[in-house]
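Chain by chain, the residues run as shown.
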Amino acid sequence: MAARVLILGGTVEAADLAGRLDVLGVTAVVSLAGRTGGGTDVPGQVRVGGFGGADGMAEYLRRNGITAVVDATHPFAATVSAHARTACAETGTPRLQLRRPSWTARPGDNWIPVADLAAAAARLPGIGRRAFLTVGAQGLAAFSGCRDVWFLVRLIVAPPVLPVPGQVIAARGPFSLDEELRLLRDHRIDVLVTKASGGDATSAKLDAARQLGLPVLMVDRPPAEQGPLVTSVDEAVTWLQQRL
Ligand code: NAP
């Protein structure tokens, strides 16, 4: 059977991997949840929308003759990764997780690690009054109970209603250090709240926070699923070449 790879995407790494497989002549389909209207810059075939849980994904794998799955979703997209583990186990499809490395603190950083969004929200009022919040649309609700904190929220797509007091900026990275410094200064931000996403596209805010001496509430990643895991597109290509 011809090789056909499903790449669970929504990340730069997924698009990069699709491009690499395209060049190698391997058929790949990138799957996107379809929340942010992205995907136009993803090479090759793209499918958009949920599968309908693990069972729906298993059915998709069977029906489309998928011979391997690369779960290149965002490190915080835990549900779809769990579904991929179940669906691949059920169908006997080889599965690889591609997870970009986390950020690491540098001298001058003042990072306060927290286990999850609820813990970040609990700590926040004791740390700052004007927060730059970059935790994604689904993470906002966790902060709705924070008293006496004003939020500058950056999202790819602005929600119809902001569940926290403050202002929303709709923008898609990458962001430069100059942009981030200007943003933090213009809005008199005194604390940054972010998830430990990793990657270059959104790391300039950490450089800006360091330069301005701001504390950073850094939300830990959920654990990865069991099974093989690599941290670079190169390694994912090698893994696939050994199996296809
Ligand atoms: P999630 O909580 O793990 O997934 C929720 C549901 O969305 C899944 O059960 C699945 O629906 C659908 N879904 C998620 N990723 C999908 C994909 N690549 N293709 C098809 N369906 C998908 O995920 P999330 O945190 O909402 O993230 C959604 C997407 O945005 C992910 O693809 C992720 O890579 C990307 N993203 C997430 C973050 C983040 O911080 N969470 C940041 C940047 C990008 P069904 O059960 O119906 O299949």
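Higher on the page you've got the structure.
In short, a report on the structure. Please read all numbers here as calculations on a predicted model, not as lab measurements.

What counts and how
Residues numbered from 1 in each chain as written. Predicted model: local features only at pLDDT ≥ 70, side-chain atom pairs only at ≥ 80, totals over all residues. Heavy atoms only, no water. Near = heavy atom within 4 Å. Polar contact = N/O pair within 3.5 Å; in protein donor to acceptor, adjacent residues only side chain to side chain. Areas by Shrake-Rupley, 256 points an atom, 1.4 Å probe, with all protein chains shown as cover. Helix = DSSP H or I, 4+ residues; strand = E, 2+ residues; numbered from the N terminus. Nonpolar A, V, L, I, M, F, W, Y, C, P; charged D, E, K, R; others polar. Buried < 20%, exposed > 50% of the residue type's maximum accessible area, 1.4 Å probe, protein only. Pairing = 2+ DSSP bridges. Right-handed = clockwise from strand over helix to strand, strands pointing away. 1 Å grid on protein atoms, 1.4 Å probe; cavity = no way out; pocket = protein on both sides within 12 Å on 5 of 7 lines; lining within 4 Å. Points joined across faces, edges and corners; volume = space filled by probe spheres on them. Salt bridge = Lys/Arg side-chain N within 4 Å of Asp/Glu carboxyl O. Contact = heavy atoms within 4.5 Å. Phe/Tyr/Trp six-rings, centres within 6.5 Å; stacked < 30°, edge-to-face > 60°. Lys NZ or Arg CZ within 6 Å of the ring centre and 35° of its normal.

Here we take up the site of the ligand. Around the ligand lies a shell of 22 residues, among which Ser31, Arg35, Phe51, Val80 and Lys195 are the nearest. A distance of 2.7 Å separates a nitrogen atom of the ligand from a polar side-chain atom of Ser31. Bound to the protein, the ligand loses 79% of the 800 Å² it would expose on its own. The element contributing the most residues to the shell around the ligand is helix H3 (residues 78–91), with 4 residues. Looking at the shell around the ligand, its residues break down into 7 nonpolar, 12 polar and 3 charged.

With that settled, consider the pairing of strand E4 (residues 68–71). On a regular strand, one side chain projects to one face of the sheet and the next to the other, so that they alternate. Burial of the side chains of E4 extends over both faces: Ala68 and Val70 are buried on one face and Val69 and Asp71 on the other. Sheet topology places strand E1 (residues 4–8) next to E4; 4 bridges connect them, and they run parallel. Bridging from a neighbouring strand, Ile7 pairs with Val70 of E4. Where E4 lies against strand E5 (residues 95–98), 3 bridges are found, and the strand directions are parallel. Bridging from a neighbouring strand, Val70 pairs with Leu96 of E5. Note that the unit made of E4, H3 and E5 has a crossover that is right-handed.

A word on the layout of surface pockets. In this structure, the second largest pocket occupies an estimated 160 Å³ of space. Forming the boundary of the second largest pocket are Trp103, Thr104, Arg106, Trp111, Gly199, Asp200, Ser203, Leu206, Asp207 and Arg210. Take the lining of the second largest pocket: its biggest share by element is 3 residues, from helix H6 (residues 204–212). The residue inventory of the lining of the second largest pocket, partitioned by class, reads 3 nonpolar, 3 polar and 4 charged.

Scanning all chains against the criterion turns up 10 salt bridges. The structure contains a network of salt bridges with shared partners spanning Glu59, Arg62, Arg63 and Glu90.

Another point: the environment of Gln226. For Gln226, the location among the structural elements is in the loop between strand E11 (215–219) and strand E12 (229–230). Under the relative-accessibility criterion, Gln226 is labelled exposed at 65%. In this structure, the C-alpha to C-alpha distance between Gln226 and Gln97, residues 129 residues apart in sequence, is 9.0 Å. In this structure, Gln226 is in contact with Arg85, Arg95 and Gln97, ignoring residues within four places of it in sequence.

Below, the discussion takes up the environment of Thr27. Mapped onto the elements, Thr27 comes out in strand E2 (residues 27–32). According to the relative accessible area criterion, Thr27 is partly exposed, its value standing at 30%. For Thr27 and Ala236, which are 209 residues apart along the polypeptide, the C-alpha to C-alpha distance reads 15 Å. Once residues within four sequence positions are removed from consideration, Thr27 is found in contact with Ala3, Arg4, Val5 and Gln45.

Turning next to the packing of aromatic side chains. Following the criterion strictly, the structure yields 2 aromatic pairs and no others. Residues Phe51 and Tyr60 carry aromatic rings whose centres are separated by 5.2 Å and whose planes lie at 70 degrees to one another, so their mutual orientation is edge-to-face. Summarising the burial analysis for this pair, Phe51 and Tyr60 share the class buried. For the ring pair Phe143 and Phe151, a centre distance of 6.1 Å and an interplane angle of 65 degrees mean the geometry is edge-to-face. For Phe151, a relative accessible area of 0% translates into the label buried. The ring of Tyr60 has Arg47 lying over it, and the distance from NZ or CZ to the ring centre is 5.2 Å.

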